[in-house]
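# A structural walkthrough
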Amino acid sequence: MSSGPDLSRLEMDVLREIADAGDLAALDAVRVAAIGKKGRISELMGQLGTLPAEDRKAFGASVNALKTKVSDALDARKATLEMAALSARLAAERADVTLPVRAGAEMLGRIHPVSQVLDECIEIFADLGFEVAEGPDIETDDLNFTKLNIPAEHPARQEHDTFYFNPKPDGSRLLLRTHTSPVQIRTMQTKKPPIRIIAPGRVYRCDSDQTHTPMFHQIEGLVIDEKTHMGHLKWVLEEFAKAFFEVDNVTMRFRASHFPFTEPSMEVDIDASAIGKPGQWLEILGCGMVHPNVLANCGLDPEKYQGFAFGMGLDRITMLKYGLPDLRAFFSADLRWLRHYGFSLLDQPTLGGGLSS
Ligand code: PHE
């Protein structure tokens, strides 16, 4: 019927070339030569004008049908070749996990003590049913202070030695968070109770000596539910301290204190015989029952919900547990220090296997 070139011959040739293509590059060359812009099939369309008018429609339709057939065949072959390439790679890259660790970078590298202690804490609190929450280092005044019941002009703002950014045109100022407590607010604003989170992270205060650095780490804890009380707080902290210091008993002392976002508020000391220094009390954290104003500021009904919060210095408990005297060394990037005090990559803290052994 058609007086155009022989399409079935062309079809056979191209399909054979597709079947013969041994890899993806060869297959792509076949594609370009057949249905690329200047490919054999594409160029057939250019011949339409040379045909008698009554043949053009049928010829155009058969060229298009051929094009579809060829591109389906290309896709199928491509999938097969990709599969084969993947299988070859999997076979070639098989790792024998029973081999001993190579004496290379993996053996030399060390985990920073603060990272290791953070992993220990996450392990302990995860076991108690807490999940990890995060917030940004750069915070708003509102989340770092106001929503935490520290209004403008409150003296607690001065105590925090805050690093502020330059004011924006509307007068508001961003800041480097001075504690991890704004993550409490972020969590209560977005999650419904029951809430059980820990929020580890970097915090910043304009302060520097042997035990203070302008950047340090805290770990915040927050539990909100309908009947959460101080007994729960004490139990959680005791369980934490026993697991963390890897001892059967710790004696803790709860001293009355003041934080604007908790009422009552306490500072917690541990009897340092747990770490081989009998007769000394060491402060490890601040805590309390979440202030009703804070709950209300986050849209939670203080008549219905209550809970506790705590904030702990991660660097501080690292110094206590591992006997590191100078906080500044933590951040001086001294490789000799890291090799001495750092942890092996393979030393993953687990409760079952022992946190630090
Ligand atoms: N945010 C307090 C601080 O940095 C610690 C704290 C957290 C106290 C939660 C009570 C409850 O000093």
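What counts, and where the lines are drawn
- Residues numbered from 1 in each chain as written.
- Predicted model: local features only at pLDDT ≥ 70, side-chain atom pairs only at ≥ 80, totals over all residues.
- Heavy atoms only, no water.
- Axes fitted to C-alpha atoms, helices over the stretch in contact; angles between N-to-C directions.
- Helix = DSSP H or I, 4+ residues; strand = E, 2+ residues; numbered from the N terminus.
- Parallel < 35°, antiparallel > 145°, perpendicular 65-115°, else oblique.
- Contact = heavy atoms within 4.5 Å.
- Nonpolar A, V, L, I, M, F, W, Y, C, P; charged D, E, K, R; others polar.
- Buried < 20%, exposed > 50% of the residue type's maximum accessible area, 1.4 Å probe, protein only.
- Pairing = 2+ DSSP bridges.
- Domains from an automatic or database assignment.
- Patch = residues over 30% accessible without salt bridge, like charges linked within 9 Å, V, L, I, M, F, W, Y side chains within 5 Å.
- Areas by Shrake-Rupley, 256 points an atom, 1.4 Å probe, with all protein chains shown as cover.
- Salt bridge = Lys/Arg side-chain N within 4 Å of Asp/Glu carboxyl O.
- Expected span 1.5 Å × (residues − 1).
- Arc of directions from axis to C-beta.

What follows is about the packing of helix H1 (residues 7-20) against helix H4 (residues 53-92). Relative placement of two packed helices is described by the angle separating their axes and the distance separating the axes. Between H1 and H4, the shortest axis-to-axis distance is 10 Å and the interhelical angle comes to 10°. Between H1 and H4, the interaxial angle falls into the category roughly parallel. Across from Leu 7, Leu 10, Glu 11, Val 14, Leu 15, Ile 18 and Ala 19 in H1, the residues of H4 making contact are Phe 59, Ser 62, Val 63, Leu 66, Lys 69, Val 70, Ala 73, Leu 74 and Arg 77. Its residues placed into classes, the contact of H1 with H4 shows twelve nonpolar, one polar and three charged.

In the case of a regular strand, side chains alternate between the two sheet surfaces. Among the eleven residues in strand E6 (residues 215-225), ten count as buried, and that is most of the element. For strand E5 (residues 195-204) and E6, the ladder comprises ten bridges, and the chain directions are antiparallel. When the sheet's bridge partners are listed, Arg 202 is paired in E6 with His 217.

Segmenting the protein into domains produces domain 1 (4-92) and domain 2 (111-341). Taken over C-alpha atoms, the centre of domain 1 sits 65 Å from the centre of domain 2.

Let us look at a nonpolar patch on the surface. A cluster of nonpolar side chains, namely Val 101, Met 107, Leu 345 and Leu 346, defines an oily patch on the protein surface of about 370 Å² accessible area. Mapping Val 101 onto the fold places it in the loop between H4 and helix H5 (105-108).

Once that is clear, we can look at the packing of helix H6 (residues 113-127) against helix H12 (residues 314-322). One way to put it is that H6 packs onto H12 with a least axis distance of 9 Å and a crossing angle of 95°. The orientation of H6 relative to H12 falls into the category roughly perpendicular. Touching Pro 113, Val 114, Val 117, Leu 118, Glu 120 and Cys 121 of H6 are Leu 314, Asp 315, Ile 317, Thr 318, Lys 321 and Tyr 322, all from H12. Here the contact of H6 with H12 is composed, by residue class, of eight nonpolar, one polar and three charged.

This brings us to the pattern of salt bridges. Tallied over the entire structure, the rule returns 20 salt bridges. The shortest N-O distance in the salt bridge between Arg 157 and Asp 141 comes to 2.6 Å. Pair noted here: Arg 157 is in helix H8 (residues 155-159) and Asp 141 is in helix H7 (residues 141-144), with a separation of 16 residues, a long-range link. Three or more residues are tied together by salt bridges with common partners; here these are Arg 253, Arg 255, Glu 267, Asp 269 and Glu 283.

A few words on H6. For H6, which comprises 15 residues, the first-to-last C-alpha distance of 21 Å matches the rise-based estimate of 21 Å (1.5 Å per residue) to within 8%. Along H6, the residues that are buried comprise Pro 113, Val 114, Gln 116, Val 117, Glu 120, Cys 121, Ile 124 and Phe 125. Projected down its long axis, H6 carries its buried residues within an arc of 165°, all on one side. The positive-phi residue at the C-terminal boundary of H6 is Gly 129, with phi of around 95°.

Here the focus is the pairing of strand E7 (residues 252-259). Pairing between E7 and strand E8 (residues 262-271): seven bridges, direction antiparallel. From the neighbouring strand, Arg 255 faces E8, where its bridge partner is Glu 267. Between the antiparallel neighbours E7 and E8 lie two residues.

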